[in-house]
Amino acid sequence: MFIVRSKLLTISLLITAGNSFSLNTDWWKHTIIYQIYVQSFKDSNGDGMGDIKGITNKLDHFVDLGVETLYLTPFFLSPMIDAGYDVSNFTEIDPLFGTMEDFNELMSEMKRRGLKLMTDLVINHSSDEHPWFGKSVDRIYPYTNFYVWLDPKGYDSKGQPIPPNNWLSLFDDCAWEWNEKRGQFYLHQFAIKQPDFNLRDAELKKEIKKIMKFWLDLGVAGFRLDATRHYIEDIYFRDEPFVDPHKTKTTIYNDLKHPYTADLWETYEFIHELRDFMDQYTMRKGQQLERILAPEAYTNLNHTMAYYGTDDYGITHFPFNFKFATLYDFANATIYNDRILEWLKNMPKDATPNWVTENHDDLRIGSRLCEEYMDIVTITIMTLPGIACVYYGQEIGMTNGYVRPDQRKDPNHDATPKARSRDGERLPMQWDDTMNSGFTSKYKPWLPVHPNYWQVNVEKQKSQQVSRYNIFKALSQIRKRKTMKIGHFESYVVSDWVYAFTRSYRRHETYITVLNLGSEIELINLHDVISNLPSTLQVVTASVNAGYVKGDQIQSIPKFPSIFSMRPLSAIVLTSRVHSKP
């Protein structure tokens, strides 16, 4: 049995001028982070593409939903080869998404509603259309070494330059591209038009900190660091070893091990510099809120946990946890419990856990498992300790939709009908049952709306007593309770397919989350497994298929005819605080 105790901290810092101020370091530790894929959230001007003003127009949605923190995918100037992750100006807004005036209005309206904003910080690479790249090609100081440049290994029989080594990009091609003008290869671990920065360069580091300061000055509360494990590469540019030692040639990224292009310790040292810059910024400016860094790194557990750093060597505030975003198989109670405890047990002491369920790179829960699993996972992450990270549309149970090959926008596929495209999880937000689900007034949006929008949408679910939207609201409300913020966590494998965990705090109500992960009805005796439970518990909320509603009472000890049963693939949240039944 594992118990997590977290603390509420408000620390006082002394700034150089001699004035002290109170810094809120707690706001992010229990927040809901709601990821908005900007292109797909809300179109305000009828061009078929989501934009910043569209987000501003929908801010009351988050107030009603109980969300506190928004995270926006890139909206910076970009040729849009890779959905905005190919940035050509880090401090300018792409006209597709609006203007700086629109952004300032968004910040003002968010502040008025008590909302906070995180943005992407895409600094592994830029677009090859960024002015820095052109100047680096021309060897103009200080941009000469802003990118990773290397001489050819030699020349083939036709006089063509040979790449420096066998490194491959994540898009399954050579990671080196020849630039005739400079007479060298540049590295690109992603698309050819995304040259990798040389993050060892001191002048480049100064420019990155200027970019951070620019957005911090505008009120941004934190940054999601994109693709961090690829930040820094082996200084000797050694060939990477093959997974199969008998192979000698490949163009497939996963055919190679990546000790020289991923997870180098210098990456953590570089991010520590950024963290130190953020902390110093907060102190100098006398800010009320701690500004946060959160890296995106699909890597092993040890490398992921290293992003937390230590008390003496802060790296990031938390690394995104993809344990649920990469759940592709139905799990029994033991496996489900292990998935949760693996993170909690390996965190540094007093670190903050977080739970990501969906994002713009992975299939939505209902599409990789089944629709019933959507409620199970959402209820899980909303009642676990720490930060709940959700993806737009998760509050109504959006699923992946079919995007024809001729409609695709994702560059990370080979344009064949069977290729895995990420467009399916990036479809427009489903607001209502009008044309294009209220996302845009344009006849054809940038990606097609899911065909189930007439039934699965915000407006319809708001009016339904039992709906995913109203379940989400109920969960966000109980997250504000003291028990849910700082209470102990204990987990229980009730049976092969029934899993439960409690959140408890002295002299406060206890919350019990119970999941039937199996395919059969289960009769459940909680009292034999969880000590000190009252005989009667009350339902706070439950999955749409559970057959229970708020206020229902169940008996923790089975006693005919009041036997606590759960339908297959259902979830329920109970409380020890029992009121008279409505």
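To start, this report covers the structure provided alongside it. (Residues numbered from 1 in each chain as written. Predicted model: local features only at pLDDT ≥ 70, side-chain atom pairs only at ≥ 80, totals over all residues. Heavy atoms only, no water.)

It is worth spelling out the overall build of the protein chain at this point. A count of helical and extended segments in the protein chain gives 13 helices and 24 strands. Taken over C-alpha atoms, the radius of gyration comes to 25 Å for the protein chain, in line with the 25 Å a tight globule of 582 residues would show. Considering only C-alpha atoms, the protein chain reaches an extent of 85 × 65 × 55 Å along its principal axes. Across the 582 residues of the protein chain, 58% fall into the buried class. Counted over contacts in the protein chain with a minimum sequence separation of 6, partners at least 24 positions apart contribute 67%. (Helix = DSSP H or I, 4+ residues; strand = E, 2+ residues; numbered from the N terminus. Rg over C-alpha atoms; globule rule 2.2 N^0.38 Å. Buried < 20%, exposed > 50% of the residue type's maximum accessible area, 1.4 Å probe, protein only. Contact = heavy atoms within 4.5 Å.)

A cluster of nonpolar side chains, Ile521, Leu523 and Ile563, forms an exposed patch at the surface whose accessible area comes to about 310 Å². Within the fold, Ile563 resides in the loop between β22 (553-555) and β23 (565-566). The partly exposed category is assigned to Ile563, whose relative accessible area is 36%. (Patch = residues over 30% accessible without salt bridge, like charges linked within 9 Å, V, L, I, M, F, W, Y side chains within 5 Å. Areas by Shrake-Rupley, 256 points an atom, 1.4 Å probe, with all protein chains shown as cover. Salt bridge = Lys/Arg side-chain N within 4 Å of Asp/Glu carboxyl O.)

As summarised here, the arrangement of the three strands in space is β8-β12-β11, forming an open sheet in which the pairing is antiparallel. Two strands bound the open sheet, and with one partner strand each, they are β8 (149-150) and β11 (176-179). Sheet topology places β8 next to strand β12 (residues 184-187); two bridges connect them, and they run antiparallel. Paired with Trp149 across the two strands is Tyr186, which belongs to β12. (Pairing = 2+ DSSP bridges.)

What follows is about the sheet that holds strand β3 (residues 32-36). The seven strands lie next to each other as β14-β13-β7-β4-β3-β16-β15, forming an open sheet whose pairing is parallel. The open sheet is flanked by β14 (292-295) and β15 (354-356), the only strands paired with a single partner. Averaged over all pairs of adjacent strands, the angle between strand axes in this sheet comes to 25°, irrespective of strand direction. Here strand β7 (residues 116-121) pairs with strand β13 (residues 222-225) via four bridges, running parallel. In the sheet register, Leu121 faces β13, and the bridge partner there is Leu225. (Axes fitted to C-alpha atoms, helices over the stretch in contact; angles between N-to-C directions.)

This part is about the nonpolar core. For soluble globular proteins, the rule of thumb is that nonpolar side chains tend to be buried together. Formed by 136 residues in total, the largest nonpolar core has its most connected members in Tyr34, Leu70, Phe223, Tyr336 and Tyr373. Those residues in contact with Phe223 that sit more than four places away from it in its chain are Met118, Thr119, Leu121, Met212, Trp215, Leu216, Met278, Ile292, Leu293 and Ala294. (Core = buried A, V, L, I, M, F, W, Y, C linked by side-chain atoms within 4.5 Å.)

A few words on the pattern of salt bridges. On inspection of all chains with the given rule, the structure shows 33 salt bridges. Of the charged contacts, one joins Lys53 and Asp102 as a salt bridge, the two residues approaching to 3.7 Å between their closest N and O atoms. Linking Lys53 in helix α1 (residues 52-57) with Asp102 in helix α3 (residues 100-112), this pair joins segments that are 49 residues apart in sequence. What makes Asp102 buried here is its relative accessible area of 14%. Of the charged contacts, one joins Asp128 and Lys193 as a salt bridge, the two residues approaching to 3.0 Å between their closest N and O atoms. One end of the pair, Asp128, is in the loop between β7 and α4 (131-137); the other, Lys193, is in the loop between β12 and α5 (202-217), and 65 residues separate them in sequence. Here the salt bridges share partners, and the residues they tie into one network are Asp82, Asp361, Asp410, Arg422 and Arg426.

Below, the discussion takes up empty space enclosed by the protein. The tally for this structure, following the rule as stated, stands at four cavities of 30 Å³ or more. Here the largest cavity is characterised by a volume of approximately 140 Å³. Gln35, Tyr71, Phe320, Val356 and Asn359 are the residues nearest the centre of the largest cavity, which is lined by 15 residues in total. If you list the elements that add at least two residues to the lining of the largest cavity, you get β3 and β16 (387-391). (1 Å grid on protein atoms, 1.4 Å probe; cavity = no way out; pocket = protein on both sides within 12 Å on 5 of 7 lines; lining within 4 Å. Points joined across faces, edges and corners; volume = space filled by probe spheres on them.)

Moving on, we get to the environment of Ser126. Within the element layout of this structure, Ser126 appears in the loop between β7 and α4. Counting along the chain gives 331 residues from Ser126 to Asn457, while the straight-line C-alpha distance between them is 36 Å. Ignoring anything within four residues of it in the chain, the contact list for Ser126 reads Val87, Phe90, Tyr147, Lys193, Gln194, Pro195 and Phe197. Looking at Ser126, its side chain comes within polar contact range of the side chain of Tyr147, at 2.8 Å. (Polar contact = N/O pair within 3.5 Å; in protein donor to acceptor, adjacent residues only side chain to side chain.)

Our next topic: the packing of aromatic side chains. In total, this model carries 42 aromatic pairs according to the counting rule given. Each ring, one from Trp167 and one from Trp176, has its centre 5.8 Å from the other, and the planes form 25°; the classification is stacked. Owing to a relative accessible area of 3%, Trp176 belongs among the buried residues under this scheme. A network of ring pairs unites the aromatic residues Phe90, Trp132, Phe133, Tyr143, Phe146, Tyr147, Trp149, Tyr186 and Phe197 as a single cluster. In this structure, Arg364 is placed above the aromatic ring of Tyr392, and the distance from its NZ or CZ to the ring centre is 4.9 Å. (Phe/Tyr/Trp six-rings, centres within 6.5 Å; stacked < 30°, edge-to-face > 60°. Lys NZ or Arg CZ within 6 Å of the ring centre and 35° of its normal.)

We now examine the pairing of strand β17 (residues 488-493). Here six bridges tie β17 to strand β18 (residues 498-504), and the two strands are oriented antiparallel to one another. When the bridges of β18 are listed, Tyr492 appears paired with Ala500. Between β17 and β18, which follow one another and run antiparallel, lie four residues.

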